[in-house]
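Listed below, chain by chain, are the residues.
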Amino acid sequence: RNTLKQLWLPLAVLILIGLFPLPLTSRLDLLAYDLLSHRLAGPTLPINSVVIAIDDASLQKLGPWPWPRQRYTDLLKKLEVASPGPIAFAILLESATDTDAENLLDKQLARTDRVIFPVLPAPKPDGTGIVALRAAEILRQHVTEAHVDVEIDADGLARRLFLEAGTTEQQWPALSLAALRHISALPVGEPRGRMAPAKLERDAN
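Summary of the structure given here. No experiment lies behind these values; they were computed from the predicted model shown.

Here's the deal with helix H5 (residues 99–112)
Consideration 1: Compared with an ideal rise of 1.5 Å per residue, which puts 14 residues at 20 Å, H5 spans 20 Å between its outermost C-alpha atoms and is within 8% of the ideal.
Consideration 2: Listed as buried for H5 are Ala101, Glu102, Leu105, Asp106, Gln108, Leu109 and Thr112. The arc that holds every buried residue of H5, seen down its axis, measures 165°, which confines them to one face.
Consideration 3: With a side-chain oxygen lying 3.3 Å from the backbone nitrogen of Asp100, the N-terminal cap of H5 falls on Asp98.
Consideration 4: Just downstream of H5, Asp113 is the residue with a positive phi angle, here 65°.

Describing the packing of aromatic side chains
Consideration 1: Counting across every chain of the model gives three aromatic pairs.
Consideration 2: The interplanar angle of 80° and the centroid separation of 5.2 Å between the aromatic rings of Phe89 and Phe117 together place this pair among those described as edge-to-face. With Phe89 in the loop between strand S1 (87–88) and H5 and Phe117 in strand S2 (residues 115–123), this residue pair connects regions lying 28 residues apart in the sequence. Like Phe89, the residue Phe117 is buried in the burial classification.
Consideration 3: In textbook terms, an aromatic cluster arises when at least three aromatic residues are bridged by ring pairs, as seen for Tyr72, Phe89 and Phe117.
Consideration 4: Positioned above the aromatic ring of Trp67, the side-chain terminus of Arg71 is 5.7 Å from the ring centre.

As for the pattern of salt bridges
Two side chains that carry opposite charge are able to pair once their charged atoms sit near each other.
Consideration 1: The full count for this structure, using the stated rule, is six salt bridges.
Consideration 2: A salt bridge links Glu145 to Arg140; the shortest N-O distance between them is 3.9 Å.
Consideration 3: Given the relative accessible area of 10%, Glu145 is considered buried.
Consideration 4: The class of Arg140 is partly exposed, set by a relative accessible area of 23%.
Consideration 5: The salt bridge involving Asp153 is made with Arg159; its shortest N-O contact spans 3.0 Å. Per residue, the accessibility class of Asp153 equals that of Arg159, and both read buried.
Consideration 6: Residues participating in the shared-partner salt-bridge network are Glu151, Asp153, Arg159 and Arg160.

What to know about the side chain of Glu145
Consideration 1: In this structure, Glu145 sits in strand S4 (residues 144–147).
Consideration 2: The contacts of Glu145, once residues within four sequence positions are left out, are Phe117, Val119, Arg134, Ala135, Arg140, Trp172 and Pro173.

Structural notes on the layout of surface pockets
Consideration 1: There is about 1,000 Å³ of room inside the largest pocket.
Consideration 2: The wall of the largest pocket is formed by 31 residues, among which Val50, Val51, Ile52, Ile87 and Ala88 lie closest to the centre.
Consideration 3: Partitioning the lining of the largest pocket into residue classes produces 24 nonpolar, five polar and two charged.

Things to note about the pairing of strand S3 (residues 130–133)
Consideration 1: Pairing of S2 with S3, which is carried by four bridges, proceeds in the antiparallel orientation. From the neighbouring strand, Pro121 faces S3, where its bridge partner is Ala132.
Consideration 2: Turn length for the S2-S3 hairpin, with the two strands adjacent in sequence and antiparallel, is six residues, and the turn residue Gly127 shows positive phi of about 75°.

Analysis parameters
Residues numbered from 1 in each chain as written. Predicted model: local features only at pLDDT ≥ 70, side-chain atom pairs only at ≥ 80, totals over all residues. Heavy atoms only, no water. Helix = DSSP H or I, 4+ residues; strand = E, 2+ residues; numbered from the N terminus. Expected span 1.5 Å × (residues − 1). Buried < 20%, exposed > 50% of the residue type's maximum accessible area, 1.4 Å probe, protein only. Arc of directions from axis to C-beta. Polar contact = N/O pair within 3.5 Å; in protein donor to acceptor, adjacent residues only side chain to side chain. Phe/Tyr/Trp six-rings, centres within 6.5 Å; stacked < 30°, edge-to-face > 60°. Lys NZ or Arg CZ within 6 Å of the ring centre and 35° of its normal. Salt bridge = Lys/Arg side-chain N within 4 Å of Asp/Glu carboxyl O. Contact = heavy atoms within 4.5 Å. 1 Å grid on protein atoms, 1.4 Å probe; cavity = no way out; pocket = protein on both sides within 12 Å on 5 of 7 lines; lining within 4 Å. Points joined across faces, edges and corners; volume = space filled by probe spheres on them. Nonpolar A, V, L, I, M, F, W, Y, C, P; charged D, E, K, R; others polar. Pairing = 2+ DSSP bridges.

Fair warning: the whole summary comes from geometry, so function is off the table for now.
Below you can see the structure in the form of structure tokens.
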């Protein structure tokens, strides 16, 4: 009975959605989803995390973007002292011209052994599809890769997550899911859901 009482308003909104024309229907659909997800939300994971942001203050102090590889090597050394859990990068480290600094970063990645690098979707130059952008090959040897393909709704919010996505040749877990897999003794089970219906590389037809 309590569950029915909690759901009557979202269900009423869903019924009303069919009475309105687009685009109002789309907005009401998102509203109904938000109401349902809020009422049916499961327990949250008690995991502490720290976000290291590249903001204006960082750029003023450390110099303009892109930063040299030594900057990331120093960062990982400092984080290693704190014995952190998984370290997820949200930036793409493509090939660099300084091979010595590249090799030093690769050695530090091997020592840290719990770094996650992103895989980004990008359009092909000829416009025939989408490819996966990955970090420099030398840096991928000692890291876990994970995709960051997120769909944004009409109101600018992301309400869904592809637990797995990739190309026809290879699939990657979502960045957050890959981070959870690096944490031992999780208090709840791994998230479950439908795999991504589309891949980072899509057929032009």
